[in-house]
Amino acid sequence: MFQQLPSLNAIKAFESAARLNSFKEAANELNVTPTAISHQIRALEDSLKVRLFERQTRAVTLTKEGELLAASANQSLQDLLSTVNQLKGSPRTLTISTTSSFAAMWLVPNLADFQQQYPDIDIQIRAEESLIDMERDRRVDMAIRYGEPPKQLDTKTLIYQPLIQESIGFFATPDYWKKHSENLSEAVFFCTQWKNPNLPNLGIEEAIKNIVANTQPHIRYFNDENLTAQAALSGQGIAIISQLAVANSIKNGWLTQGTDKMAMSITGLHYYLVIPKRLQTSQAAMCFKNWLQQTLA
């Protein structure tokens, strides 16, 4: 029945090269040489009597026939891996891509709750600021991003799930508030300048100037929300930061929100979840999505 199917090694080599768009990266992933990958794919093309890749000097691209086989190969290998893991009793693994600040300040501190509820699902976190192509880089299963979903949504292959709209407030240690609450002209304010230039200006600097009337405020900037929070935690000043990001510090009493004028909040942007449609039937993926929504709510 299956005598006409190519070898599993050839399918694995092809699927990896197709997904990563590179023979070299496929070789690294499968721990073989690029020559071995090339030979496997050439043999596969010969047996099928079709060209699967267009080979260029420093790149390879799939032909229409290659795209058809790549989709089928990936789904088949995913199904096979799921069954093998089920038989072996191996934990199901989800790799989540998110920003370093969200990973460090919210996801990691709350992840123990998820692991307690779903001990058979292993969560791997990739903290990174750059966007990824989730259809090609299938080493990532889901992504949590900040801002607004792109205007041109790829709804054929991706699902965009809004999670929460953040609220930005003024936070400092209790001792710092005692020292500066009566004289904000001497206070230091810490803000985050986002690495993503496409994120809109939320008017944070204007809000600070309105609070510190008739005085030029002392504002210092970091390009990572982690650093903004740490500066406040060390008692150096007032962080203007997402309430979501400092939730753990507030819970432990390390930081508190200011009173009176400093108790104001600024409406921020959204966190949203990106799920490839190939995972919409994955029980592990849906468990993580539901937990994320319930916990953030």
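The sections below set out a description of the structure shown in this document. Keep in mind that this is a model prediction, so the values were computed, not measured.

**Focus: the environment of Gln236**
- Counting through the fold element by element, Gln236 comes out in the loop between helix H8 (225–233) and strand S9 (238–242).
- Gln236 gets classed as partly exposed once you look at its relative accessible area, which sits at 45%.
- Put simply, Gln236 and Ile219 are 17 residues apart on the chain and 12 Å apart in space, counted from C-alpha to C-alpha.
- Setting aside chain neighbours within four positions, we find Gln236 in contact with Tyr176, Val188, Phe190 and Ala231.
- Within the structure, the side chain of Gln236 is placed 2.7 Å from the side chain of Ser234, a separation counted as a polar contact.

**Examining empty space enclosed by the protein**
- Counted under the stated rule, the structure contains one cavity of 30 Å³ or more.
- If you add up the space inside the largest cavity, you get close to 40 Å³.
- Considering the residues around the largest cavity, the lining is formed by Ser101, Phe102, Met105, Trp106, Glu225, Ser242, Leu244, Ala245 and Tyr271.
- Its residues placed into classes, the lining of the largest cavity shows six nonpolar, two polar and one charged.

**Digging into the environment of Ala73**
- One can find Ala73 in helix H4 (residues 64–88).
- Judged by its relative accessible area of 5%, Ala73 is buried.
- In this structure, the C-alpha to C-alpha distance between Ala73 and Phe14, residues 59 residues apart in sequence, is 8.3 Å.
- Among all residues touching Ala73, those that are not within four sequence positions of it are Ile11, Phe14 and Glu15.

**Here's the deal with the packing of aromatic side chains**
- What the rule picks out here adds up to 12 aromatic pairs.
- Both rings, one in Phe102 and one in Trp106, keep their centres 5.4 Å apart while their planes meet at 25 degrees; by these two values the pair is stacked. Placement of the pair is Phe102 and Trp106 together in helix H5 (residues 100–117), with a separation of four residues, close to one helical turn.
- The exposure class of Phe102 is buried, given its relative accessible area of 3%.

Reading the values: the criteria
- Residues numbered from 1 in each chain as written.
- Predicted model: local features only at pLDDT ≥ 70, side-chain atom pairs only at ≥ 80, totals over all residues.
- Heavy atoms only, no water.
- Helix = DSSP H or I, 4+ residues; strand = E, 2+ residues; numbered from the N terminus.
- Buried < 20%, exposed > 50% of the residue type's maximum accessible area, 1.4 Å probe, protein only.
- Contact = heavy atoms within 4.5 Å.
- Polar contact = N/O pair within 3.5 Å; in protein donor to acceptor, adjacent residues only side chain to side chain.
- 1 Å grid on protein atoms, 1.4 Å probe; cavity = no way out; pocket = protein on both sides within 12 Å on 5 of 7 lines; lining within 4 Å.
- Points joined across faces, edges and corners; volume = space filled by probe spheres on them.
- Nonpolar A, V, L, I, M, F, W, Y, C, P; charged D, E, K, R; others polar.
- Phe/Tyr/Trp six-rings, centres within 6.5 Å; stacked < 30°, edge-to-face > 60°.

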